[in-house]
Amino acid sequence: MNTTEAQFTIKPESAALAPRVELLLDRVFGAERREKASYLFRQGVAPVAALSWAAFDRHKKLVGSIRYWPIQVGETGHPALLLGPLAITPQLAGKGIGRALTFRTLEIAAEMGYDLVLLVGDYDYYKRFGFVPATPYGFVMPTEKRPERLQVTELRPGVLGRVSGEIRHVKEENGSVVAMPVQPRRRVRRTAARA
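The rules behind these values
Residues numbered from 1 in each chain as written. Predicted model: local features only at pLDDT ≥ 70, side-chain atom pairs only at ≥ 80, totals over all residues. Heavy atoms only, no water. Salt bridge = Lys/Arg side-chain N within 4 Å of Asp/Glu carboxyl O. Helix = DSSP H or I, 4+ residues; strand = E, 2+ residues; numbered from the N terminus. Buried < 20%, exposed > 50% of the residue type's maximum accessible area, 1.4 Å probe, protein only. Phe/Tyr/Trp six-rings, centres within 6.5 Å; stacked < 30°, edge-to-face > 60°. Lys NZ or Arg CZ within 6 Å of the ring centre and 35° of its normal. Contact = heavy atoms within 4.5 Å. pLDDT = per-residue confidence, 0-100. Expected span 1.5 Å × (residues − 1).

Section: the pattern of salt bridges
- Following the criterion strictly, the structure yields 7 salt bridges and no others.
- In this structure, the salt-bridge partner of Glu107 is Arg104, at a minimum N-O distance of 2.3 Å. Of this pair, Glu107 and Arg104 are both found in helix α2 (residues 97–111), 3 residues apart, which corresponds to roughly one turn of the helix.
- When its relative accessible area of 14% is taken as the criterion, Arg104 is described as buried.
- The partner of Arg149 in a salt bridge is Asp122, with the nearest N and O atoms 2.5 Å apart. With Arg149 in the loop between β8 (139–140) and β9 (150–154) and Asp122 in the loop between β6 (116–120) and α3 (123–126), the pair connects residues that are 27 residues apart, well separated along the chain.
- With a relative accessible area of 46%, Asp122 lands in the partly exposed category.
- One network of salt bridges, with partners in common, ties together Glu13, Glu22 and Arg67.

Structure below.
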């Protein structure tokens, strides 16, 4: 199903598009994006295919993308989603591309049975989609240095206040999904070579 706006079209991301999406993400966020705490939750697991969408301009050029990743929350291992990254070509920011991608994929996530979505991002941008600060609801993202940027939205009323706790990394091992605490990256100290 395609959603057509005046200047762009959104549709599910195909597997063949993945390298172009990675280039867009590098252009928008820089290669250092992989050092963010939220990227630790993306290692060893694929994004949810049905929630990976892309936006194209009228010349079929990739101008936006959104992905979601499976996570679990708290001691009960409540299944949830981690939204991100959402990337829009900077020249087209503010044209409704991010809004179209986010609303459409949140709708699909709810249809799939998900009831909770978290992300790390700017509250002023994501509040239009129903996101609120997650820390007051008891959510914790290990290794996140700016916990005020952790946001949450419920896709089914009553989930906030009932589910909380530490976000856990979901990893695929031998065909099974395993939840585990996030292991921080080890920093390698670089020393100057001696002459």
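Thoughts on the packing of aromatic side chains
- Under the counting rule described, the total for this entry stands at 5 aromatic pairs.
- Their ring planes at 80° and their centres at 4.9 Å tell us that Tyr125 and Tyr126 sit as a pair that is edge-to-face.
- Judged by relative accessible area, which is 10%, Tyr126 ranks as buried.
- Here a set of aromatic residues connected by ring pairs shows up, and it is made of Phe103, Tyr125, Tyr126, Phe129 and Phe131.
- For Lys11, the ring lying beneath its charged end belongs to Phe56, and the centroid distance is 5.1 Å.

A look at the side chain of Glu13
- Within the element layout of this structure, Glu13 appears in the loop between β2 (8–12) and α1 (18–29).
- Overall, Glu13 belongs to the buried group, its relative accessible area being 15%.
- Once residues lying within four places of it in the same chain are set aside, the contact partners of Glu13 are Ala18, Val21, Ser52, Trp53, Ala54 and Arg67.

Some words on the confidence of the model for the chain
- Residues with a pLDDT of 70 or more make up 84% of the chain, whose mean pLDDT is 86.
- Across the chain, strand β7 (residues 132–133) holds the top mean pLDDT of 98, while strand β1 (residues 3–4) sits lowest at 42.
- For residues 1–5, every residue scores under 50 in pLDDT, and the model assigns this stretch 14 contacts once sequence neighbours within four places are set aside.
- Ignoring residues within four places in sequence, the model shows residues 183–195, a span with pLDDT below 50, making 10 contacts including any to other chains.

Brief notes about α1
- Helix length check: α1, at 12 residues, gives a terminal C-alpha distance of 16 Å against a target of 16 Å (1.5 Å per residue), a fit within 8%.
- Elements in contact with the buried residues of α1: β4 (62–73) and β5 (78–88).
- After α1 finishes, the residue Gly30 shows a positive phi value of roughly 85°.

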